Amino acid sequence: MIKLTVEDKDARRAILKIKDAAGAPIKLLKRVHAHQQSVSGLMFRHLKHGGTRRGVTWAGYKNQYVRKTDGVTVPAEGGVPRADGTGLVQGRLRPSGARVDEKSNLLRDTGLLANAVASVRRIRRGGRALELITPVKYAGYQQSRRPFSFFTAGDLKLYAQWAAEELASDG
């Protein structure tokens, strides 16, 4: 007769650890927050003059107007001769009072939005929900025009990998 004895103490400990980590993955949520804050902040750097990144396109500055007298299109940064010949048209006025010029970055007039992107993290519902907040009044409006904070399919795949690593880790 063969008698096998299985000691399940380690298995039970591992199962309890997985249950605890899955029930309130606070470490994972903090890591997701840090990643989202980083990739959202990089949107402002990479799309400072418009373009496409992470599947989202930001339009550049719109032209100021087309003159009816001679049909000249005046770009946002100005620089074309005035219709009366007395100098150059100035760039569009930004909310801060500064003028748009060739070095101006989109959504970086004062830097408030770019510096505050996803800067507030709230972990709610017993560690099962993560809120990422950009505490600037006009953030929602700008997000609707030029999205800067969002999840991509690649992000979700990465976070699933992180979750699996956390559940499998000994720490």
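Before reading further, recall that the structure is shown in the block above.
Draft legend 1. Structural detail: the overall build of the protein chain. A count of helical and extended segments in the protein chain gives 5 helices and 6 strands. Within the protein chain, the fraction of its 171 residues that count as buried is 28%. Per element, the accessible surface of the protein chain, about 11,600 Å² overall, is 54% carbon and sulfur. Of the side chains in the protein chain, 31 bear a positive and 15 a negative charge, and the two mean positions are spaced by 4 Å.

Draft legend 2. How the structure looks around the side chain of Arg146. Looking at the element boundaries, Arg146 is found in the loop between helix 4 (139-145) and helix 5 (153-168). Within the buried core, Arg146 has no salt-bridge partner, and the shortest N-O distance to an opposite charge, that of Glu77, equals 11 Å. A polar contact of 3.4 Å, which involves the side chain of Arg146, links it to the backbone oxygen of Gly60. Among all residues touching Arg146, those that are not within four sequence positions of it are Trp58, Ala59, Gly60, Leu106 and Leu107.

Draft legend 3. Fine view of the packing of aromatic side chains. The tally for this structure, following the rule as stated, stands at 4 aromatic pairs. Their ring planes at 75° and their centres at 5.6 Å tell us that Phe44 and Trp58 sit as a pair that is edge-to-face. With Phe44 in helix 2 (residues 26-46) and Trp58 in strand 2 (residues 56-58), this pair connects stretches of sequence that are 14 residues apart. The class for Trp58 is buried, based on a relative accessible area of 1%. Looking at Phe44, the relative accessible area reads 1%, which means it is buried. Three or more aromatic residues joined by ring pairs make a cluster, and in this case those are Phe44, Trp58 and Phe148. Positioned over the ring face of Trp162 is Arg31, at 4.0 Å from the centre of the ring. If you follow Arg54 out to its NZ or CZ, it ends over the ring of Phe150, 4.9 Å from the centre.

Draft legend 4. Structural detail: the packing of helix 2 against helix 5. At a closest axis distance of 10 Å, the pairing of helix 2 and helix 5 adopts a crossing angle of 150°. By the angle class used here, helix 2 and helix 5 are roughly antiparallel. The hand of the helix 2/helix 5 crossing is right-handed. Contacts between helix 2 and helix 5 involve Lys27, Leu28, Arg31, Val32, His35 and Gln36 from the first element and Asp155, Leu158, Tyr159, Trp162, Ala163, Glu165 and Glu166 from the second. Within the contact of helix 2 with helix 5, the residues separate by chemical class into 6 nonpolar, 2 polar and 5 charged.

Draft legend 5. Molecular detail of a nonpolar patch on the surface. There is a patch of nonpolar side chains on the surface, built from Leu112, Tyr138 and Tyr141 and spanning about 330 Å² of accessible area. Structurally, the position occupied by Tyr138 is in the loop between strand 6 (129-133) and helix 4. Taking relative accessible area as the criterion, Tyr138 reaches 35% and is therefore assigned partly exposed.

Draft legend 6. Structural detail: the pairing of strand 5 (residues 120-124). As paired strands, strand 5 and strand 6 are joined by 5 bridges and run antiparallel to one another. Each residue of the ladder has a partner; that of Arg121, found in strand 6, is Leu132.

Rules behind the numbers
- Residues numbered from 1 in each chain as written.
- Predicted model: local features only at pLDDT ≥ 70, side-chain atom pairs only at ≥ 80, totals over all residues.
- Heavy atoms only, no water.
- Helix = DSSP H or I, 4+ residues; strand = E, 2+ residues; numbered from the N terminus.
- Buried < 20%, exposed > 50% of the residue type's maximum accessible area, 1.4 Å probe, protein only.
- Areas by Shrake-Rupley, 256 points an atom, 1.4 Å probe, with all protein chains shown as cover.
- Lys, Arg positive; Asp, Glu negative; His and termini not counted.
- Charge placed at Lys NZ, Arg CZ, Asp CG, Glu CD.
- Salt bridge = Lys/Arg side-chain N within 4 Å of Asp/Glu carboxyl O.
- Polar contact = N/O pair within 3.5 Å; in protein donor to acceptor, adjacent residues only side chain to side chain.
- Contact = heavy atoms within 4.5 Å.
- Phe/Tyr/Trp six-rings, centres within 6.5 Å; stacked < 30°, edge-to-face > 60°.
- Lys NZ or Arg CZ within 6 Å of the ring centre and 35° of its normal.
- Axes fitted to C-alpha atoms, helices over the stretch in contact; angles between N-to-C directions.
- Parallel < 35°, antiparallel > 145°, perpendicular 65-115°, else oblique.
- Left-handed = near helix turned anticlockwise from the far one by under 90°.
- Nonpolar A, V, L, I, M, F, W, Y, C, P; charged D, E, K, R; others polar.
- Patch = residues over 30% accessible without salt bridge, like charges linked within 9 Å, V, L, I, M, F, W, Y side chains within 5 Å.
- Pairing = 2+ DSSP bridges.

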